[in-house]
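Residue strings, one per chain:
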Amino acid sequence: MLGLMQDWPLLCHRIIEHAATIHGSQEVVTRSVEGPIVRTTYRQIHDRALKVSQKLTRDGIKLGDRVATIAWNTARHLEVWYGIMGIGAICHTVNPRLFPEQIAWIINHAQDRIVITDLTFVPILEKLADKLPSVERYVVLTDAAHMPQTTLKNAVAYESWIGEADGDFTWGTFDENTAAAMCYTSGTTGDPKGVLYSHRSNVLHALMANNRDSLGTSAADTMLPVVPLFHANSWGIAFSAPSMGTKLVMPGPKLDGASVYELLDTEKVTYTAGVPTVWLMLLQHMQAHNLKLPHLKMVVCGGSAMPRSMIQAFLDMGIGVRHAWGMTEMSPIGTLATLKPPFLDAAGDAKLDVLQTQGFPPFGVEMKITDDAGAKLPWDGKTFGRLKVSGPAVSKAYFKVDSNILDEEGFFDTGDVATVDEHGFMRITDRSKDVIKSGGEWISSIDLENLAVGHPAVAEAAVIGVYHPKWDERPLLIVQLKPGQTTTREDILKYMEGKIAKWWMPDDVAFVDGIPHTATGKILKTALRDQFKSYRFPNAAA
Ligand code: AMP
C-alpha cells in the first residue's frame, strides 16, 4: 500500500522560491569583481534568476543541456545557478584554478553550450576559445560599462543580456532525479571525472547541511562561504543558506586574510566555511594586527586536515570550529566534528582530540572501513582501512564513464584511509596513495603534518614517503617557514619528539620556499614527490 502524501518533487529552484517568499528581504552581500560592495536580497536573486531562465530558453537551452560557469562567489553567480537549474539545464561549475588545457578538456567533455564567466577569466577563455567548439556564446558577468572588448563568440554583458528579459517566466516541474549540476574532480592523475548531481540529491544534501551538528545556520545567522561555488558546490551552502534564509556574504575574487577579515567584521558574520590555507591567512592577518571577531561563532574547515594548532587558535579567540570532511562525489558533506556524548564535558586536550577528528556523519551518509579485500574492519578508533560511503547524495557513477564505482554493498571507495571509533567519530589518516609504508607498517602523513605545523616557525608542512633501502619508505618532512622565521632541522624534530611513536619520526627535514597546491587548495604531493625524486636520506646507506 502506498502512502497518501503529496508527490512533491525535490527541485533546486523550490529553495530559492522559498527564500524569496519567506525570507525575501534577507540580504546577500557581495564584494563584486568590479570592486564595490553590492547588496541584494533573496527576492531580487529569485527575480533575476527567472530572467536568466527566460534568456537561456530564448538562446535554445533545453532540459539536459550543459551551461558552464567560471566565476567567483557573487550574487550574480547564485542567480545564474538557479536560472540554469530552474529549466532543467545542468549548471557546470568550472574551477578556474585548473591548468588551461584541463579547463578546455572539461568543457569539451561536458559539451557546454554557453559559458558564463567573470571578467577575471575572459583572457584565459580568449586563449582557449578556438579549442571549445561546443560553446555557442559567452556571457560576461558584468554590465555594459565594464564590458571589455573581446574576441569571444557572441559575447554579451550579463546585465544587458538579462535586461532584455521581463522575468515573466515560470519554472516547471520535472522529475526530481533530473541532473541539476556537475563538477569535475581535479584528480592528480588521469583525466578529470565528472560528478553529476541531481535536483533530489542537492535538496536532500541541503537538508543534511541544515542539521544543527552539520553547518546548521539559521535565519538569524550570516554565512560567508570562502569555499568557492566551483569547489564541490561551495559545500552546498548555495542551497542550504537560502533554504534557511541565512544572510549570505559573498567574498568575490578577494580571498586573502585582510579582505576576508574585513567582510567577516563589517558584515558581522556568524558562520564561515573554507579550507585550512584560507584560515591560515586569516589567522596570520589577525595575529599581526591584534584583531578580534566578536560576532563570529563558527569556522567550518575542510578540504584538508585542520591542524590542532589552528583549532586551538580559534578556540582561544572564543570562536567555535567545525572540522569537516567530504568530497566532490559526496555533494560534498561526509562528516563533521562536534562534541556529543560521552564527550560533552571534554576540556583541554581531550576536547581538542575530539574536535581534531573529521567527526561523524549526519543522517543520510553511511560509512564503513574495509581492508584491501573488502572485509569490514572494526570501529575501535585504532584500526585503519579504506573509507567507503553510501547515501542519497553520493555518486554512483561518473559522467560518460562506463565502469562501476560501487562495491557489492553499494558503497563508494573514497580513496581515503581512516579509523572510526565506537561513537562513530572518523579520523582520516591519509589518502590511500599518500600513506607511508615503512617496513610493512603504515605511517600517517597527515598526523605528521598536523604535528609539524604546531611548531611556531612553521607555516605549512608536507610529508612524503621516500625510498629507503631497509624500510622501503620513510617519511621526509618538507617545511615552509613563516615569513621572517628561522629554525633548524634538529629544533623541529625535537619539537615532534615524544608526541608520536618513535618509528613515525621523519628521517629528515627539507626546507622549501613554497609548498605546491592543487586547484582545490590541497597539498600537491605528486609535485613534491617529483621535486624530491632524487633525494636520498642521509641515514640510508645501503
Ligand atoms: P575534493 O573532492 O576536491 O573536495 O577532495 C576530497 C578529498 O579531500 C577527500 O577525499 C580527502 O582526501 C580530502 N579531505 C577533505 N576534507 C578533509 C579533511 N577534513 N581532512 C583530511 N582530508 C580531507
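Here the structure is a predicted model, which means the values were calculated and not measured.

Reading the values: the criteria
Residues numbered from 1 in each chain as written. Predicted model: local features only at pLDDT ≥ 70, side-chain atom pairs only at ≥ 80, totals over all residues. Heavy atoms only, no water. Helix = DSSP H or I, 4+ residues; strand = E, 2+ residues; numbered from the N terminus. Buried < 20%, exposed > 50% of the residue type's maximum accessible area, 1.4 Å probe, protein only. Contact = heavy atoms within 4.5 Å. Areas by Shrake-Rupley, 256 points an atom, 1.4 Å probe, with all protein chains shown as cover. Lys, Arg positive; Asp, Glu negative; His and termini not counted. Charge placed at Lys NZ, Arg CZ, Asp CG, Glu CD. UniProt positions renumbered as here; feature names shortened; annotations may be inferred. Axes fitted to C-alpha atoms, helices over the stretch in contact; angles between N-to-C directions. Left-handed = near helix turned anticlockwise from the far one by under 90°. Nonpolar A, V, L, I, M, F, W, Y, C, P; charged D, E, K, R; others polar. Pairing = 2+ DSSP bridges. Parallel < 35°, antiparallel > 145°, perpendicular 65-115°, else oblique. Core = buried A, V, L, I, M, F, W, Y, C linked by side-chain atoms within 4.5 Å. Domains from an automatic or database assignment. Near = heavy atom within 4 Å. Polar contact = N/O pair within 3.5 Å; in protein donor to acceptor, adjacent residues only side chain to side chain.

Trainee: Quick rundown of the overall build of the protein chain? Include the residues and the values.
Mentor: For the protein chain, the count of helices and strands is 15 helices and 24 strands. With respect to the three principal axes, the spread of C-alpha positions in the protein chain is 75 × 65 × 50 Å. Put simply, the protein chain has 542 residues, and 58% of those count as buried. Long-range contacts, defined as pairs at least 24 residues apart, comprise 66% of the intrachain contacts of the protein chain with a sequence gap of at least 6. Surface exposure of the protein chain reaches about 22600 Å², of which carbon and sulfur atoms provide 53%. Taking the average location of the 52 positive side-chain charges in the protein chain and that of its 60 negative ones, the two points are 1 Å from each other.

Trainee: Which residues make up the UniProt feature "domain: AMP-binding enzyme C-terminal" (unreviewed entry) in the protein chain, and what values go with them?
Mentor: UniProt records the feature "domain: AMP-binding enzyme C-terminal" (unreviewed entry) for residues 448–522 in the present numbering. Secondary structure across residues 448–522 comprises 17% helix and 33% strand; the distance between its end C-alpha atoms is 16 Å.

Trainee: Outline the packing of helix α1 (residues 12–22) against helix α8 (residues 237–244), supporting the account with residue identities and numerical values.
Mentor: For the pair α1 and α8, the least separation of the axes is 7 Å and the interaxial angle reads 35 degrees. In the crossing of α1 with α8, the sense of the turn from one axis to the other is left-handed. On α8, the residues touching Cys12, Ile15, Ile16, His18 and Ala19 of α1 are Phe239, Pro242 and Ser243. The residue makeup of the contact of α1 with α8, split by class, is six nonpolar, two polar and no charged.

Trainee: Can you lay out the sheet that holds strand β9 (residues 193–198) for me, pointing to particular residues and giving the numbers?
Mentor: An order of β7-β6-β5-β3-β4-β8-β9 is seen for the seven strands of this open sheet, with the pairing classed as mixed. Strand pairing shows two members of the sheet lacking a second neighbour, β7 (156–157) and β9, which therefore form its edges.

Trainee: Explain the sheet that holds strand β15 (residues 333–336) residue by residue, including any values.
Mentor: Read from one edge of the open sheet, eight strands run β2-β1-β11-β10-β12-β13-β14-β15, paired in mixed fashion. Unpaired on one side and paired on the other, β2 (37–41) and β15 mark the two borders of the sheet. Geometrically, the sheet is characterised by an average inter-axis angle of 20 degrees between neighbouring strands, direction not taken into account. One ladder, built from five bridges, connects strand β1 (residues 27–31) with β2; its direction is antiparallel. From the neighbouring strand, Thr30 faces β2, where its bridge partner is Val38. Of the strands in this sheet, β1, β2 and β11 (247–250) touch helix α2 (residues 42–58), which is tilted by about 85 degrees from β2.

Trainee: Could you give me a rundown of the packing of α1 against α2, with the residues and numbers involved?
Mentor: Closest axis-to-axis distance for the α1/α2 pair is 8 Å, and the angle between their directions is 135 degrees. Taken as axis vectors, α1 and α2 run oblique relative to one another. In terms of crossing hand, the pair formed by α1 and α2 is left-handed. Here α1 contributes Ile16, Glu17, Ala19, Ala20 and Thr21 to the contact with α2, which in turn contributes Tyr42, Arg43, Ile45 and His46. The class makeup of the residues in the contact of α1 with α2 is five nonpolar, two polar and two charged.

Trainee: For the nonpolar core, give the residues involved together with the corresponding values.
Mentor: Formed by 108 residues in total, the largest nonpolar core has its most connected members in Leu56, Leu248, Trp279 and Phe314. If one sorts the elements of this core by residue count, helix α3 (residues 75–86) sits on top with seven residues. Summarising the domain contributions, this core has at least three residues from each of domain 1 (12–198) and domain 2 (368–431). Those residues in contact with Leu248 that sit more than four places away from it in its chain are Glu27, Val28, Val29, Tyr42, Leu78, Met223, Pro225, Ile237 and Ala241. Membership of the second largest hydrophobic core comes to 27 residues, among which are Ala68, Ile90, Leu98 and Leu128.

Trainee: Provide a residue-level description of the site of the ligand, including the pertinent values.
Mentor: Contacts to the ligand come from 15 residues, most closely from Ala324, Thr328, Gln358, Asp416 and Arg431. One nitrogen or oxygen atom from the side chain of Asp416 is found 2.6 Å from an oxygen atom belonging to the ligand. Isolated, the ligand exposes 500 Å² of accessible area, and the fraction of that covered by the protein chains is 92%. When residues in the shell around the ligand are grouped by element, the largest group, four residues, is from strand β14 (residues 320–326). Among the residues forming the shell around the ligand, the class breakdown is four nonpolar, eight polar and three charged.

Trainee: Tell me about the environment of Asp507, and name the residues and values.
Mentor: Within the secondary structure layout, Asp507 lies in the loop between α14 (489–496) and β24 (508–511). Take Asp507: its relative accessible area is 12%, and that puts it in the buried class. Sequence separation between Asp507 and Leu477 is 30 residues; the distance between their C-alpha atoms is 7.9 Å.

Trainee: So what about unusual backbone geometry? Which residues, and what values?
Mentor: A cis amide bond links Ser331 to the next residue, Pro332, at an omega of 10 degrees. Among the secondary structure elements, Pro332 is positioned in the loop between β14 and β15. With an omega dihedral of 5 degrees, the bond running from Pro341 to Pro342 counts as a cis peptide bond. Turning to its location among the elements, Pro342 is positioned in the loop between β15 and α12 (348–356). Its identity as a non-glycine residue notwithstanding, Lys268 has a phi of 50 degrees, on the positive side. You can see Lys268 is positioned in the loop between α9 (257–266) and β12 (271–274).

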